[in-house]
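What the coordinates show
So the chains spell out like this:
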2 protein chains.
Amino acid sequence: MKTTDRAATIKDVARAVGLSVATVSRAITNPKLLNAETLMRVRAAIDNLGYRPNVTAQNLKLSKTGLVMVVVPSLSPFFLEFFRGAEQAARETGYSVLVGHTDRDPAREARFLSQVNSRRADGIVLVTSADQKALLAEGRCLPPLVLALDVTTGGQFASVRVDHVAAAAQATTYLLGLGHRRIAHIAGARASAMTVHRLEGYRMALSEYGLSVDPALLQQGAFTVESGEHAMEQLLALDSPPTAVFAANDEMAIGAIRAIRRAGLSVPQDVSLIGFDDQRVARIYDPPLTTMRIPTYEIGYRSMLELAGLLGGKPQEADIVLPCQLVVRQSAAAVAAAAPA
Amino acid sequence: MKTTDRAATIKDVARAVGLSVATVSRAITNPKLLNAETLMRVRAAIDNLGYRPNVTAQNLKLSKTGLVMVVVPSLSPFFLEFFRGAEQAARETGYSVLVGHTDRDPAREARFLSQVNSRRADGIVLVTSADQKALLAEGRCLPPLVLALDVTTGGQFASVRVDHVAAAAQATTYLLGLGHRRIAHIAGARASAMTVHRLEGYRMALSEYGLSVDPALLQQGAFTVESGEHAMEQLLALDSPPTAVFAANDEMAIGAIRAIRRAGLSVPQDVSLIGFDDQRVARIYDPPLTTMRIPTYEIGYRSMLELAGLLGGKPQEADIVLPCQLVVRQSAAAVAAAAPA
DNA sequence: TTGTACGCGTTATCAT
DNA sequence: ATGATAACGCGTACAA
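To keep things clear, this report deals only with the structure shown in the data block. (Residues numbered from 1 in each chain as written. Chains lettered and ligands numbered in written order. Predicted model: local features only at pLDDT ≥ 70, side-chain atom pairs only at ≥ 80, totals over all residues. Heavy atoms only, no water.)

Let's shift gears to the protein's contact with DNA strand D. Neighbouring residues of DNA strand D: 26 residues in total, closest Thr23 and Arg26 of chain A together with Ile10, Tyr51 and Gln58 of chain B. Counting only atoms of DNA strand D within 4 Å of the protein, the sugar-phosphate share comes to 61%. One of the side-chain nitrogen or oxygen atoms of Arg26 of chain A is found 2.8 Å away from a base nitrogen of DNA strand D. Counting residues per element, the ones that place at least two in the surface near DNA strand D are α2 (21–29) and α4 (55–62) of chain A together with α2 (21–29) and α4 (55–62) of chain B. (Near = heavy atom within 4 Å. Polar contact = N/O pair within 3.5 Å; in protein donor to acceptor, adjacent residues only side chain to side chain. Helix = DSSP H or I, 4+ residues; strand = E, 2+ residues; numbered from the N terminus.)

Rendered as structure tokens:
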């Protein structure tokens, strides 16, 4: 084992065994083409020199990187789950993943796209926060791309998502079914398409019951515990507070619970709450959250699989819509018969 | 804007403006060397053709990738925080990060090391779960490497960590200070060095008070809510259960709380609990967890900065130890004066 | 200020 | 079964 400062290259191996680089290359990529004896000698030399093929050189030659970007709006537990799915699929298909987050900044989003155009990666799984029309307009030529979790325009790109509108409507309807009529909504981050869609579902469900949205019951949040807490404080300060709240994600629901408790009230006796996403914390919180389960992991997994398919040459332009599921736990209950005087 | 199927290369640009590739290259890397007028023409052509330098080719030429691996045992909220720090520092220093997780499997750990040796990335920030002696022994030549969060051998590698033993001792001492004497410990995942160190701290603190570890009060966990729950069930089934529990992380502490509640007892009235890490959930849980804060984000951040320094040529071999901090909230209280008969 | 030409480490084609 | 050699796309001496 010769100890030099620079790493051994294929040439070093070739020289060591007195063969050509072509032979050494074949010993790695296509061993059966070699004479058994020479193969052994080559392998010995490789081992001896500690030779490792230079991935960059391979990439240049083969014009691919074996890398994919996975870009999410923020590094939160919610997207962590998504990422786990994507990473799993990436490993299964032989890719490594480069992770990026945009903080919901379209400029940073564009930067990631541009990186892929520079061949930093072979393709990209994108959970975009903004409108995709912008993408479509701006990008002169877009890299292999699959949109995940939520899409605003249909059919233009491969995508894996859920129907946020329908899911939000179902969540709201559940509350309506429990007899609630003054139902508030704590909306998500302003820049997010999910926010719009979940609000839309809320609106739809109400209107099915002949109700319209009371602006006082509509609070802007930001998908954080703190924002949920603050929003709930506003709601509790109302002359006639809601009997139930639909929070656009679990973290805000938890924030709301905290505010409710601080006001000396309890969940679900005084106020019913329904969350969204079914994050891990929803199950372990006290009370366990009734929430709308989004198959986050699966979305990540399928997205990456789609991308791998795309990169594998299949010209698929699928729009996969995965089902959500209401998870009934203990944060929402039937509306109280009457307020005790 | 000529629309071809393959991406434009530097040659295409050169041909388009009737200049040499060298000039085009300079237009990008060192614009001031160019005649102002030619520079404009080159830029126009670049824009027009949508030319983007091929990162792979650049990498090969410059023999670096601009990539770093960040490898953690698992993709959990705890390591997410670590990762955020690392990612932030990576962006500040111009690197992109390739994320890997090992599921505490040494084989997978080795695989990541080997990837870096193949020049998939320039260096690696590693939160190893296993003993580093193995690393040191096996790796013929290790890539630029910094060890994070916990290290078993001192001084061999650059590292950024906390003193888990001291921190665990401090946590246990806090419980002792509250008057508790029957203090249980729910340990972490078996394969983790952190587990050993935190247990050691527990042991040390007890012995300072002239106590020794009661094997019945020592439960094996796995850093998960479920494992904490299960461990606590065992403890509650004891003839004389503990009055306080030191859980090796917050998730297990929460699991323990759940088990305690299910048994009809309450925290901290019947059993005091202290967690470890100060994960986000610790603050929002009910009751808010008393816990030992580990500067996870900072560790990630500093680790990546170390690595960037290493890659920048500075031959530093630092061992940075960051401080922990006890965060007193509401899950631990003074021991009850006497058990009501 | 711009051009020529070599090399980075591979893979793959075409000979032998 | 093995060897010579031309790309892959770029940066950078060195020359002009």
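Moving on, we get to the interface of chain A and chain B. In many reports, interface size means the accessible area that the parts give up when they come together. Chain A puts 49 residues into the contact, and the matching count from chain B is 49 residues. Together, the buried faces of chain A and chain B total about 4400 Å²; carbon and sulfur atoms form 54% of this surface. Taken together, chain A and chain B are joined by four salt bridges. With a closest N to O distance of 2.6 Å, Arg261 of chain A and Asp286 of chain B form a salt bridge. For the interface between chain A and chain B, the tally reads 19 residue pairs in polar contact (both at pLDDT 80 or more). Among the secondary structure elements, those contributing two or more residues to the side of chain A that touches chain B are α3 (36–49), α4, α5 (77–93), β2 (96–101), α6 (106–117), α10 (225–236), α11 (250–262) and α12 (280–284) of chain A. Looking at the side of chain A that touches chain B element by element, the count peaks at six residues for α5 of chain A. For the side of chain A that touches chain B, the per-class residue count stands at 19 nonpolar, 14 polar and 16 charged. (Contact = heavy atoms within 4.5 Å. Buried area = accessible area lost by both parts, 1.4 Å probe. Salt bridge = Lys/Arg side-chain N within 4 Å of Asp/Glu carboxyl O. Nonpolar A, V, L, I, M, F, W, Y, C, P; charged D, E, K, R; others polar.)

Around DNA strand C, the structure places 27 residues, and the nearest of them are Ile10, Ser25 and Lys61 of chain A together with Thr23 and Arg26 of chain B. Backbone atoms, meaning sugar and phosphate, make up 66% of the atoms of DNA strand C lying within 4 Å of the protein. Between DNA strand C and the protein, one listed contact pairs a phosphate oxygen with a side-chain N or O atom of Tyr51 of chain A at 2.9 Å. Separating a phosphate oxygen of DNA strand C from a backbone N or O atom of Ser20 of chain B is a distance of 2.9 Å. Those elements that provide at least two residues to the surface near DNA strand C are α1 (10–17), α2 and α4 of chain A together with α2 and α4 of chain B. When its residues are assigned to classes, the surface near DNA strand C shows 11 nonpolar, 10 polar and six charged.

It is worth spelling out the environment of Arg6 of chain A at this point. All names here are of chain A. For Arg6, the location among the structural elements is in the segment before α1. Each C-alpha atom of the pair Arg6 and Ala253 lies 56 Å from the other, and the pair is 247 residues apart in sequence. One polar contact links Arg6 to Asp12, side chain to side chain, over a distance of 3.0 Å.

So, about helix α8 (residues 164–177) of chain A. All names here are of chain A. Counted at 1.5 Å a residue, the expected span for α8 with its 14 residues is 20 Å, and the 20 Å between its end C-alpha atoms agrees. Of all the residues in α8, the buried ones are His164, Val165, Ala167, Ala168, Ala169, Ala171, Thr172, Leu175 and Leu176. Two or three places before Val165, at the opening of α8, Asp163 has a side-chain oxygen 3.2 Å from that residue's backbone nitrogen. Once α8 ends, the next one or two residues include Gly179, with phi positive near 100°. (Expected span 1.5 Å × (residues − 1). Buried < 20%, exposed > 50% of the residue type's maximum accessible area, 1.4 Å probe, protein only.)

Looking now at the nonpolar core. With 156 residues, the main nonpolar core has Leu149, Ile299 and Met304 of chain A together with Leu175, Ile299 and Met304 of chain B as its most contacted residues. Core analysis: the next-biggest nonpolar cluster, separate from the first, contains 30 residues, Ala121 of chain A together with Leu67, Leu145 and Val151 of chain B among them. (Core = buried A, V, L, I, M, F, W, Y, C linked by side-chain atoms within 4.5 Å.)

Residue and element names in this part refer to chain B. Strands sit in the order β7-β6-β8-β9-β10-β12 across an open sheet of six strands; the sheet is mixed. The outermost strands of the open sheet, each flanked by one partner alone, are β7 (218–220) and β12 (325–327). This sheet shows a mean twist of 20° between the axes of neighbouring strands, independent of strand direction. Pairing of strand β9 (residues 272–277) with strand β10 (residues 291–293) involves three bridges; the strand directions are parallel. Note that in β10 the partner of Phe276 across the bridge is Met292. (Pairing = 2+ DSSP bridges. Axes fitted to C-alpha atoms, helices over the stretch in contact; angles between N-to-C directions.)

All names here are of chain B. Between its first and last C-alpha atoms helix α3 (residues 36–49) spans 20 Å; for 14 residues at 1.5 Å apiece the expected length is 20 Å, and the two agree. Where α3 is concerned, the buried positions are Thr38, Leu39, Val42, Ala45 and Ile46. Down the axis of α3, the buried set is contained in an arc of 130°. They therefore lie on one face. Exposed side of α3, more than 90 degrees from the buried face: Ala36, Met40 and Asp47 are the residues found there. Tucked into the core, α3 has its buried residues touching α1 (10–17) and α2. Backbone nitrogen of Glu37 and a side-chain oxygen of the N-cap are separated by 2.9 Å at the start of α3; the cap is Asn35. Just past α3, the residue Gly50 takes up positive phi, approximately 65°. (Arc of directions from axis to C-beta.)

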